[in-house]
Amino acid sequence: GRISQLGTPPEIYHHPANRFVAGFMGESNLYRATLDGKGGAVVDGGARLAVGAGASGEKGVLLRLERPRQLKPGETADNMFAGAVDEVVYLGESVKYRIQLDAGFAVLARWPYREAGGAFQVGDRLQVGWGAGDMQLVEWA
């Protein structure tokens, strides 16, 4: 074995060095992406994301489950996508959703049960979004 990263649990959770560490520190959305050097990225499947970092080349784009949020009419975010819920997992005080986005990729989100006004059902359509700063770039290799 080898040490992949040293740091406090919050440092490692929020700033993992690579995709192994990201997966080790909890469930997340991790997309293989090509960065354009101008703060944008294209994930596998062709969808564009605003990532806010000026890096270029192939990286992993990490989005933790607590970061995506349901957008209400008139709300905006750096990254906004429409989609349909295709999986619901009740976890007590929170609910985990898998949302298949119309852009061709899926996002996992974990929202407090009460804030969501109860639980969404499979097939419900909604708009989700998150900020460019909500994502972390990690080494893919």
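Here the structure is a predicted model, which is why all the values come from computation and not from measurement. (Residues numbered from 1 in each chain as written. Predicted model: local features only at pLDDT ≥ 70, side-chain atom pairs only at ≥ 80, totals over all residues. Heavy atoms only, no water.)

A. Quick peek at the overall build of the protein chain. The secondary structure content of the protein chain amounts to two helices and ten strands. For the protein chain, the N- to C-terminal ordering of α and β elements is α-α-β-β-β-β-β-β-β-β-β-β. Taken over C-alpha atoms, the radius of gyration comes to 15 Å for the protein chain, in line with the 14 Å a tight globule of 141 residues would show. Based on the C-alpha atoms only, the size of the protein chain along its principal axes is roughly 45 × 30 × 20 Å. (Helix = DSSP H or I, 4+ residues; strand = E, 2+ residues; numbered from the N terminus. Rg over C-alpha atoms; globule rule 2.2 N^0.38 Å.)

B. Spatial organisation of the pattern of salt bridges. Taken as a whole and judged by the stated rule, the model has eight salt bridges. With its nearest N and O atoms 3.0 Å apart, the salt bridge here joins R48 to D36. Here the residue R48 occupies a position in strand 3 (residues 48–50), and D36 occupies one in strand 1 (residues 28–36), the gap between them amounting to twelve residues. Classification of D36 as partly exposed rests on a relative accessible area of 34%. Of the charged contacts in the structure, one is a salt bridge between D102 and R125, with a shortest N-O distance of 2.6 Å. A residue pair is termed long-range when its members are at least 10 positions apart, and D102 in the loop between strand 7 (94–101) and strand 8 (106–112) and R125 in strand 9 (residues 125–130) qualify at 23 residues. Judged by relative accessible area, which is 52%, D102 ranks as exposed. Exposure remark for R125: the relative accessible area of 51% places this residue in the exposed category. (Salt bridge = Lys/Arg side-chain N within 4 Å of Asp/Glu carboxyl O. Buried < 20%, exposed > 50% of the residue type's maximum accessible area, 1.4 Å probe, protein only.)

C. Spatial organisation of the sheet that holds strand 3. The strand order 3-2-1-4-10 describes an open sheet built from five strands, whose pairing is antiparallel. Here the strands that pair on one side only, and so sit at the sheet edges, are strand 3 and strand 10 (135–138). For this sheet the average axis-to-axis angle between neighbouring strands, irrespective of direction, equals 40°. Relative to strand 10, strand 4 (residues 56–64) is paired through four bridges, and the arrangement is antiparallel. Each bridged residue has a counterpart across the sheet, and for G60 the counterpart in strand 10 is V138. (Pairing = 2+ DSSP bridges. Axes fitted to C-alpha atoms, helices over the stretch in contact; angles between N-to-C directions.)

D. Seen up close, the confidence of the model for the protein chain. For the protein chain, the mean per-residue pLDDT works out to 92, and 97% of the residues sit at or above 70. Ranking the elements of the protein chain by mean pLDDT puts helix 2 (residues 19–24) last with 90 and strand 9 first with 97. (pLDDT = per-residue confidence, 0-100.)

E. Molecular detail of the sheet that holds strand 6 (residues 79–90). Taken in spatial order, the five strands line up as 5-9-6-7-8 in an open sheet, and their pairing is antiparallel. Each edge of the open sheet is held by one strand with a lone partner, namely strand 5 (69–70) and strand 8. In this sheet, strand 8 lies alongside strand 7 in antiparallel orientation, the contact comprising seven bridges. Looking across to strand 8, one finds that Y97 is bridged to A109.

F. Up close: the side chain of K96. Summarising the element assignment, K96 is placed in strand 7. Polar side-chain contacts of K96 include one of 3.0 Å to the side chain of E27. Setting aside residues up to four positions removed in sequence, K96 forms contacts with E27, L65, E87, V88, V89, L91, A109 and R110. (Polar contact = N/O pair within 3.5 Å; in protein donor to acceptor, adjacent residues only side chain to side chain. Contact = heavy atoms within 4.5 Å.)

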